[in-house]
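Read off the chains here:
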Amino acid sequence: MNIIETAGLGKRYGRTWALRDCTLDVPGGHVVALVGPNGAGKSTLLNMATGLTTPTAGRVTVLGGVLAGSPPALDRIAFVAQDAPLYKNLPVTDMLRVARFLNLRWDAERAAARLSRLGIEPGKKVGALSGGQKAQLALTIALARRPDLLVLDEPLAALDPLARHDFMQSLLSEVAAEGISVVLSSHMVAELDQVADYLIVLGRGQVLVSGEVSSLVAAHGVGLEKLVLGYLREASMEVAA
Amino acid sequence: MTAIAVQRVPARTRRVPLRGVAWVTWRQHRAALAGAVALLGVLGVYLLWMGLEMHSAYAKVDACHPAGSAVCHNLLQSFNQRYYGTQQGSVVSSGLNAQTVPFLLLAVPILLGVFVGAPVLARELESGTFRFAWTQACGRVRWAATKLILLAAALTVLAYAFSQLFAWYFSPFLAEGKTSKFPMQLFGNLGVDFAAWTLLAFAVAAFLGVMIRRAVAAMAVALATCTVLDVATMMALRQHYATPLVVSGNNPPGSESAWLLGQWLGGPNGQRFYPSNIPLSVQNSSNPDAFQNWLRTAHITQWWSYVPGSDFWRFQLIEGGWLLGLSALLIAAAIWAVRRRAA
């Protein structure tokens, strides 16, 4: 089952195309890294896959042919948007309740256990949490929804190096136990090494490469970071030429 | 061969229970609702306090016997002076009384509706939390519709209860025939008008909130829009809800419950007279009957147009009706905008 399928997908804001002619088949069961520089169209692609934005051109389906943004898609996909937007004025417990009441599936025990393991006090206001704790809370809510697909948009951008490491470790251990598919975007490639086993590189609104990390690495004989840099450099030289 | 590539469709799409979404609405907006209750509470305590004092004083006036006696007359006069305000001088300088308080209350529905309505969608859009809210299983349309409809209903009920308190507070002066219920400061606070304007202000502010995406800016624009619409309704629109009755006569028609809209002089051939057409000899005459005598000898008739007091509820329901319709339209438009809005 492909978790995300796009055909000729494009999104235009005013006169500029944030994403253009994007055709992708992303297979399930992977941790997919969506990488590219700022403005490459990563958020645009994820927003369309989660139904937040409607495409200007083409189409996108998720979880084996379900229309993005449709009720079953919303039910089965958990999305943590950039900067992990949550209600700052609510205490953690009430934030969890809001999430519980807006969803059909909810694993309250899992959420409570995860928060106590992380040492996040339930009575504390969301706005008073550190950046790392807030990201973890958003991940906790997403996991408590028991999704088939977890989508994270720049989950590491606002975190310090230690929090980044902790976040990725806890994400990986949860995902490994569940066997759910993950798509995460990042402009920091170094953090994704050892984490992602499927790679999509976006540059200037277009897909530069897409495939399993192991076969890409084997074909080129370099590490993930060098591989990505190579594709991005190649793309920018094409534009210059 | 049977079709293999058939999409697996769940027999019935389960939906997130409304009770839960209602709790979310309550949890997120209880502070705004508490603010609304506090504002109406402070005003309500004043109305209740003054109302009780006034009603017990009026009971004494009402019980006075014999009604025509000088003692009773004085009692009524001092009651009016104390609670209704002096007849002389400007109304504004007379302090808080039954004539000035209704004017102050005219501003309340718009303030109330705008204060609660503007942040509902705008706050989510400006803080980015809509990206959380709109990607949960509930779906953005159900989320927005539940929030807007529940809050609109709660606010309208609250406003209606408050205007009932005002109606009780003011009732002695209507019983005494001091005024009709048509002056704007009374029409707007009696019947369904107060609640209907609160609802409209809420709907305008919620709709502008999703269009402008900033709560404070939406509040300001909604406040201006609603004020202009309210003033235009009071000044120019309300009198056209029904064709006024036109009668001739020497005295104003109807009782004190009627709403007098116009008065003019008509000649024998149907031509109109204006104050400047009245001869100077009549204008300057010291004889109090000079005007009536002139009318009679010149075959001039005095005409009046008015709305009878019995039309009060008809006018209330017409205004309440279009306000309700416009509010429903704006709330539907806000939900539609949420549906269409791209991240």
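This text goes with the structure placed above it.
Computed from a prediction, not measured in an experiment: that's the story for all the values here.

(A) View of the packing of helix α1 (residues 18–63) of chain B against helix α2 (residues 70–83) of chain B. Residue and element names in this part refer to chain B. Across the interface, α1 lies against α2 with an axial gap of 9 Å and an inter-helix angle of 165°. Considering their axes alone, α1 and α2 lie roughly antiparallel with respect to each other. Between α1 and α2 lies a crossing whose hand is left-handed. Residue-level inspection shows M50, E53, M54, A57, Y58, K60 and V61 of α1 in contact with α2, the latter providing L75, L76, F79, R82 and Y83.

(B) Representation of the sheet that holds strand β3 (residues 31–35) of chain A within the structure. Residues and elements named next belong to chain A. What the 6 strands build is an open sheet, ordered β6-β7-β8-β3-β9-β10; its pairing is mixed. Strands with a single pairing partner mark the edges of an open sheet, and in this sheet they are β6 (77–80) and β10 (206–212). The mean inter-strand angle of the sheet, taken between neighbouring strand axes irrespective of direction, is 15°. Sheet analysis places β6 next to strand β7 (residues 149–153), joined by 4 bridges and oriented parallel. By the bridge assignment, V80 is partnered in β7 with L152.

(C) Geometry of the interface of chain A and chain B. In this complex, chain A contributes 32 residues to the contact, which on the side of chain B involves 29 residues. A buried area of about 2600 Å², summed over both sides, lies between chain A and chain B, and 64% of it is on carbon and sulfur atoms. When the buried area of chain A at its contact with chain B is split by residue, A:L52, A:Y87 and A:L102 rank highest and sum to 28% of it. There are 1 salt bridge connecting chain A and chain B. Note that B:R27 is salt-bridged to A:D94, the shortest N-O span being 2.5 Å. Among the secondary structure elements, those contributing two or more residues to the side of chain A that touches chain B are β1 (2–13), α2 (71–76), β6 and α3 (92–101) of chain A. If one sorts the elements of the side of chain A that touches chain B by residue count, α3(A) sits on top with 6 residues. Residue composition of the side of chain A that touches chain B, by class: 20 nonpolar, 7 polar and 5 charged.

(D) Geometry of unusual backbone geometry. Here the amide bond leading from B:H65 into B:P66 is cis, since omega sits at -5°, within 30 degrees of zero. Relative to the assigned elements, B:P66 resides in the loop between α1 and α2. Its identity as a non-glycine residue notwithstanding, A:D21 has a phi of 45°, on the positive side. Looking at where A:D21 falls in the secondary structure, it is placed in strand β2 (residues 16–27). A positive phi angle, close to 55°, is found at B:H299, a residue other than glycine.

(E) Structural detail: the sheet that holds strand β2 (residues 259–266) of chain B. Residues and elements named next belong to chain B. In spatial order, the strands read β1-β4-β2-β3; together these 4 strands make up an open sheet with antiparallel pairing. One side of each edge strand has no neighbouring strand; the edge strands of this open sheet are β1 (245–248) and β3 (272–273). With 4 bridges connecting them, β1 and strand β4 (residues 301–307) associate as antiparallel partners. For L245, the partnering residue across the bridge sits in β4 and is Y306.

Rules and cut-offs
- Residues numbered from 1 in each chain as written.
- Chains lettered and ligands numbered in written order.
- Predicted model: local features only at pLDDT ≥ 70, side-chain atom pairs only at ≥ 80, totals over all residues.
- Heavy atoms only, no water.
- Axes fitted to C-alpha atoms, helices over the stretch in contact; angles between N-to-C directions.
- Helix = DSSP H or I, 4+ residues; strand = E, 2+ residues; numbered from the N terminus.
- Parallel < 35°, antiparallel > 145°, perpendicular 65-115°, else oblique.
- Left-handed = near helix turned anticlockwise from the far one by under 90°.
- Contact = heavy atoms within 4.5 Å.
- Pairing = 2+ DSSP bridges.
- Buried area = accessible area lost by both parts, 1.4 Å probe.
- Salt bridge = Lys/Arg side-chain N within 4 Å of Asp/Glu carboxyl O.
- Nonpolar A, V, L, I, M, F, W, Y, C, P; charged D, E, K, R; others polar.

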